[in-house]
Structures are given as structure tokens and as C-alpha cells.
Amino acid sequence: MVEITQRTIQGRFLLKPSRRLNAVVAGCFGRAQKNTGATVHAVAVLSNHFHLLASFESVEQMASFACQLKTNLSKEVGRLQDWEGSLFAGRYRAIPLSDEPEIQRQRLRYVLSQGAKEGLVLSPRDWPGIHCADALVDGESIAGVWVNRTALYAARQRQRDVEEAAFTEGTQLHLAPLPYLSDLPRSEQRSEILEVIESIEAETLERHRQQGSVPLGVDLILAQDPYARAQRLKRSPRPYFHASQRVLKEMMEGFRSFVVSYGIAAKRLAAGDVTVSFPEHCFPPRSPFVRAASS
């Protein structure tokens, strides 16, 4: 179980919500989920970044999901926003979560607070883009669209006036309850989600009251220039794990052991030992250069 965060390049508002962009973004998430079998628990897509809580069977599955998601988002959103090249700034951040219920609840609250936390809307349910708040409350999936570009391209090689709509299909991003909620009846899951959302709304309202401010509002959010940049980007060191102090110590010990084993194996590989074994759930570095045999 991990929390994935990804920011757009230079923090530009390239993911600014619109009806078409929302459908395309949800379609990219749904397609990546369908192709990799990833379990998605919560998602929030703001104008210049997104957050995701998901569970994966392996690091390989996570990498495949992120690769497909980011590649398709760059292509599809790039078409809509007339943006060439990558949509994102560097690699995604994936922070593992412990299985402690309180930690899961904290991170769910963090994802649900997106939009309200930044002073953009009063309630997470007011965010005009892709957000899991309504879907989790109503127990529904998030609908999107997917365009089969391969089939569309092939068809246009035979007949130029083929419509994109003929190769567009609906897709769904399915949300699974976090483990701490999965054994509860649906009614209790809904009550828990509503309680978290209501606490976010109360906290947001109180913060604006104290600061004498008001949210930016949906109209101004939708009127933003997608090429504009945030005036200030949050830059803070990321934690290795989301866990209590007790569990964090255990997870750090395991991580250090993994790093040491990986480092030893990498040095042996660099020295020419191609039979070396790496620890599980990792990507070995490239093989060393093979020199020509001396005559």
C-alpha cells in the first residue's frame, strides 16, 4: 500500500479541470488499472498535481501502473492542452504506508482534503476535477473515456475522415476500500468517509474565518490559464514511510538491510560478476560494459 504523488512540469496548471479533461484523465487512470490489476483506494487530481492511494502486489506492478498512467496522461492531456513533451516533472513519489488503521485514516484524510486544504474550495466535494470524495461516499466508480489510438491510426490510414468517436469507449476507475474499512458494512464505510469529509469542511471553514479569507472558487479555478504556474510550490522532504514511530523503526531497519544488500550486489555486478543475485522487489542497475578480448 503506497501513496503516490506526481506534480506537473514546473507546477503548471496543465491538469486544470474541464468536462473533457476530467473524462480523459479518469480514462487514463481506469485504463492503467485495467491493464495492471492495481487496487486503487483514493485519488485526487488538482490542476498541477495528483495524489493516489493504491495497493500493489509488487514493485514491478506499481512501476507498470505508473508508467502506463503517466505516459497516457502526457499524450492525452497534451493533445487537449496543446502541450508537447512530458506533462510531469521527473519521477513520481511513492511512499509506503503501514497497515495501521490510524495511519490509513490519516492518509485518506490527506487525499480527501485536496482542494480544500489549498484554499481552492470549501469542501472536497466542490472540487470540479477528478476527486474520490463523491465516489467513496456513494460507493461508485469514476467514469472516464479511452480512445484506442492504435486502431484509430490504422483506420485513418485507410480513410482519412474517420471520426475519433468511433474508437472511443467508456472506462471505469474502480475504488476499493482501504484495508481498515474493508471488513465494515457499506453503511459504516460511508459514515466513516462522511465523518472525515465533514471534519475537513469544518477545519477549512474555521481557517478561512481566522484568516479573513475566502476560497478561490470554482469559477476562477476553471478560468485559470493551463500554462500558468503556481506562485509558490511546496518543497518539503518526503518521509520514507507513513507509519507510527514504533512501526517506522521496524520499517527503516528493513529498508537499511535492503539498501546494504543491493549495494553489495551492485558492486559485484560492476566488477563483472554477472551471476550475482539481487534482493527481491528491486530493479538491478544496467550490466557493466563488456570489453573486447585482448589479442
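See the structure above.
As the structure is a computational prediction, the values presented were derived from the model and not from experiment.

### Some remarks on the state of the cysteines
Tallied over the full model, the rule gives zero disulfides. With no disulfide partner, C67 has as its closest neighbouring cysteine sulfur the one in C28, 13 Å distant. Between C132, a free cysteine, and C28, which holds the nearest cysteine sulfur, the sulfur-to-sulfur gap is 18 Å.

### Quick word on the pattern of salt bridges
Under the counting rule described, the total for this entry stands at 14 salt bridges. The partner of E169 in a salt bridge is R31, with the nearest N and O atoms 3.6 Å apart. Of this pair, E169 sits in strand β6 (residues 168–173) while R31 sits in helix α1 (residues 19–36), and the two are 138 residues apart along the sequence. Residue E169 is classed as partly exposed on the basis of its relative accessible area, which comes to 36%. Residue R31 is classed as partly exposed on the basis of its relative accessible area, which comes to 21%. Among the charged side chains, a network of salt bridges with common partners joins R20, E76, R79, R149 and E164.

### Describing the sheet that holds strand β4 (residues 93–96)
What the four strands build is an open sheet, ordered β2-β3-β1-β4; its pairing is antiparallel. A strand with exactly one partner marks an edge of an open sheet, and here the two such strands are β2 (39–45) and β4. Neighbour to neighbour, the strand axes of the sheet diverge by 15° on average, direction disregarded. Sheet topology places β2 next to strand β3 (residues 49–55); six bridges connect them, and they run antiparallel. Opposite V40, over in β3, you have A54 as the bridge partner. This element, α1, spans β2 and β3 of the sheet and lies at about 160° to β2.

### Observations regarding the side chain of H51
With respect to the helices and strands, H51 occurs in strand β3. Judged by its relative accessible area of 4%, H51 falls in the buried class.

Quick notes on the rules
- Residues numbered from 1 in each chain as written.
- Predicted model: local features only at pLDDT ≥ 70, side-chain atom pairs only at ≥ 80, totals over all residues.
- Heavy atoms only, no water.
- Disulfide = S-S within 2.5 Å.
- Salt bridge = Lys/Arg side-chain N within 4 Å of Asp/Glu carboxyl O.
- Helix = DSSP H or I, 4+ residues; strand = E, 2+ residues; numbered from the N terminus.
- Buried < 20%, exposed > 50% of the residue type's maximum accessible area, 1.4 Å probe, protein only.
- Pairing = 2+ DSSP bridges.
- Axes fitted to C-alpha atoms, helices over the stretch in contact; angles between N-to-C directions.
- Contact = heavy atoms within 4.5 Å.

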